[in-house]
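Chain residues, written in single-letter form:
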Amino acid sequence: MFQLHRTEDLIAIFCYDDERIFRSRKPLVASRRKAEYLAFWNAINEGHSTLLNDVQASLKSYKSELLSYYSSKSSGSESTDDDNQIDKPQRTEEVPSRKFTDAVLSYAQYLKETHRNHMVVEVRNKITRIFHLIGMNKEREALGDLALEATFITRDPISRAEILIDDLGWALHLQDRTPEAASNIKDAIDLLGGLEELSPELEVRAGLAVAKAFRHLSLFESTRSASEALLEKGERVISRLKEDDVIASLFSGEIKRDEAQLMHARSLLLAKYLGVESEGSIDLSNSIVLEEARIARQLANDAASSFSEIGDMERQAKALTLLERLQDALGERMSAIQTKALRDDIQSRSGIDRQFNVN
């Protein structure tokens, strides 16, 4: 049901559903950014009404296809064996994601060709994570390519850096193009390091982007020492943001999210180095190994708790997947069963079809 849930969110955005956008239990747009959304809405409604109607029709048609698909699947279809894989995005070919991504890319291409560069960047900023969550990595790259050029016209270096980190960074890594991804992410770090005199909101965006960049790079490294050094750099960035009382107060949710992401990454790397990332068990007679496994388990648990506190069910499910794996590796069977039950409940409530790598 994940694609259906996200499609309904997009319909709300492009049809201006005030209730779902601003006043739902988990609003799509933070209240402090309402003016930005209204400017976005007015621009596309007044300047591109024909295209807006096409996008609305495409999204509603896509929703209808999803409803038909899920209806037929619920009447009797087999489950897959890979629902619990950690950090391995899947492409679900049976679900009609193509129409949606094609519509978005066509719209972004039109905006670029008609020199609506601000709109190209805005569309990318609002939709890139959805492409990621449904595993459309090539399409995410294409959207990033379109928006990257536009950021030079709009003089928006932070969006440019975010594109290099995500659309042209992590999305390339997931396509087995890690050297290219690492190069782009390093360029983003250099770009963000040269920015000065930022507003609190932009300072937070830039800081969290740097922390994410170091986190992604840490997962590319082949040695433990190199990975840990990069994670420590990301953690120092978060610590500096928390030291500013104004920033810590205004952006506590965003900071907590990325701090939890670093906890998850550190836990995942420990699981990897212990050889239990996907399967296997811990040698309980080895006190050093046992202690590291327990640290990894605690980090995964803390990350899941932090994601729960800010209402980020998608990332909470990701952390719980890792927690379950570590509990199982430690021989904590009942705890693993309990964690799996909690994760399955969260997935059903959030609309997640399967466990994607939520970055």
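Keep in mind the model is a prediction, meaning the values are calculated, not measured. (Residues numbered from 1 in each chain as written. Predicted model: local features only at pLDDT ≥ 70, side-chain atom pairs only at ≥ 80, totals over all residues. Heavy atoms only, no water.)

Visitor: Can you help me understand the overall build of the chain in this one?
Guide: A tally of helices and strands in the chain yields 16 helices and zero strands. Across the 359 residues of the chain, 48% fall into the buried class. Pairs at least 24 residues apart make up 72% of the contacts formed inside the chain by residues separated by at least 6 positions. (Helix = DSSP H or I, 4+ residues; strand = E, 2+ residues; numbered from the N terminus. Buried < 20%, exposed > 50% of the residue type's maximum accessible area, 1.4 Å probe, protein only. Contact = heavy atoms within 4.5 Å.)

Visitor: Would you mind going over helix α13 (residues 252–274) with me for this structure?
Guide: Each full turn of the α-helix corresponds to 3.6 residues, which orients residues three or four apart in the same direction. Taking 1.5 Å as the rise per residue, α13 with 23 residues should run 33 Å; its terminal C-alpha atoms sit 33 Å apart, in good agreement. Downstream of α13 by one or two residues, G275 has phi in the positive range, about 80°. (Expected span 1.5 Å × (residues − 1).)

Visitor: Even after reading the chapter, I still don't get helix α9 (residues 178–193), so can you show me in this structure?
Guide: Here α9 contains 16 residues, and its C-alpha end-to-end distance of 22 Å stays within 8% of the 22 Å for a straight helix at 1.5 Å per residue. Every buried residue belonging to α9 is among A181, A182, N184, I185, A188, I189 and L192, and all of these are buried. Axial view of α9: buried residues confined to an arc of 165°, hence all on one face. In α9, the exposed residues that point more than 90 degrees away from the buried face are P179, D190 and G193. (Arc of directions from axis to C-beta.)

Visitor: What exactly am I supposed to notice about the packing of α13 against helix α15 (residues 313–329) here?
Guide: Packed helices, taken two at a time, are described by the angle between their axes plus the distance between the axes. It is at 11 Å that the axes of α13 and α15 come closest, and there the two elements cross at 25°. Relative to α15, the element α13 lies roughly parallel. The chirality of how α13 crosses α15 is left-handed. Contact residues: R257, Q261, H264, S267, L268 and A271 in α13; R315, K318, A319, L322 and L326 in α15. Of the residues assigned to the contact of α13 with α15, the class counts are five nonpolar, three polar and three charged. (Axes fitted to C-alpha atoms, helices over the stretch in contact; angles between N-to-C directions. Parallel < 35°, antiparallel > 145°, perpendicular 65-115°, else oblique. Left-handed = near helix turned anticlockwise from the far one by under 90°. Nonpolar A, V, L, I, M, F, W, Y, C, P; charged D, E, K, R; others polar.)

Visitor: Any chance you could explain the pattern of salt bridges here in plain terms?
Guide: Where charged atoms of side chains with opposite charge meet at close range, the side chains can pair. With the rule as written, the count across this model stands at 20 salt bridges. With a closest N to O distance of 3.3 Å, E122 and K126 form a salt bridge. Within this pair, E122 and its partner K126 are both found in helix α6 (residues 117–133), separated by four residues, close to a single helical turn. By relative accessible area, K126 is classed as partly exposed at 28%. With its nearest N and O atoms 2.2 Å apart, the salt bridge here joins R297 to E332. Taken together, the residues span a long stretch of sequence, with R297 in helix α14 (residues 287–309) and E332 in the loop between α15 and α16 (333–350) at a distance of 35 residues. (Salt bridge = Lys/Arg side-chain N within 4 Å of Asp/Glu carboxyl O.)

Visitor: I tried to follow unusual backbone geometry on my own but got confused; where do I start?
Guide: Positioned with a positive phi, R155 is a non-glycine residue whose angle comes to about 55°. As for its placement among the helices and strands, R155 is situated in the loop between α7 (137–154) and α8 (157–173). On the accessibility criterion, R155 (74% relative accessible area) is exposed. A positive phi angle is found at E197, which is not glycine, with a value near 50°. Topologically, E197 is positioned in the loop between α9 and α10 (200–220). Note on E197: relative accessible area 82%, which makes it exposed.

Visitor: Even after reading the chapter, I still don't get the packing of aromatic side chains, so can you show me in this structure?
Guide: Two measures describe an aromatic ring pair: the distance that separates the ring centres and the angle between the ring planes. Taken as a whole and judged by the stated rule, the model has two aromatic pairs. Between F100 and F131 the ring centres are 5.8 Å apart and the planes differ by 80°, which places this aromatic pair in the edge-to-face class. Highlighted residues: F100 in helix α5 (residues 97–113) and F131 in helix α6, separated in sequence by 31 residues. For F100, a relative accessible area of 5% corresponds to the buried category. Since its relative accessible area comes to 0%, F131 is described here as buried. Measuring from ring centre to ring centre gives 5.9 Å for W170 and F220, while their planes differ by 10°; the resulting arrangement is stacked. Highlighted residues: W170 in helix α8 and F220 in helix α10, separated in sequence by 50 residues. For the pair W170 and F220, a shared accessibility class is recorded, and that class is buried. (Phe/Tyr/Trp six-rings, centres within 6.5 Å; stacked < 30°, edge-to-face > 60°.)

Visitor: I would appreciate a short explanation of the nonpolar core in the present structure.
Guide: Soluble, globular proteins show a tendency: their nonpolar side chains are buried together. Core analysis: the biggest nonpolar cluster contains 97 residues, and L10, F14, Y37, I44, F100, I127 and L192 have the highest contact counts within it. Tallying contributions element by element places α10 first for this core, with eleven residues. If we skip the residues at most four places from it in the chain, I127 touches L10, F14, F100 and V104. (Core = buried A, V, L, I, M, F, W, Y, C linked by side-chain atoms within 4.5 Å.)

Visitor: Looking at this structure, how should I read the environment of L323?
Guide: With respect to the helices and strands, the residue L323 is situated in helix α15. Assessed through its relative accessible area of 3%, L323 is described here as buried. Between the alpha carbons of L323 and A303 there is a distance of 9.4 Å; along the sequence they are 20 residues apart.

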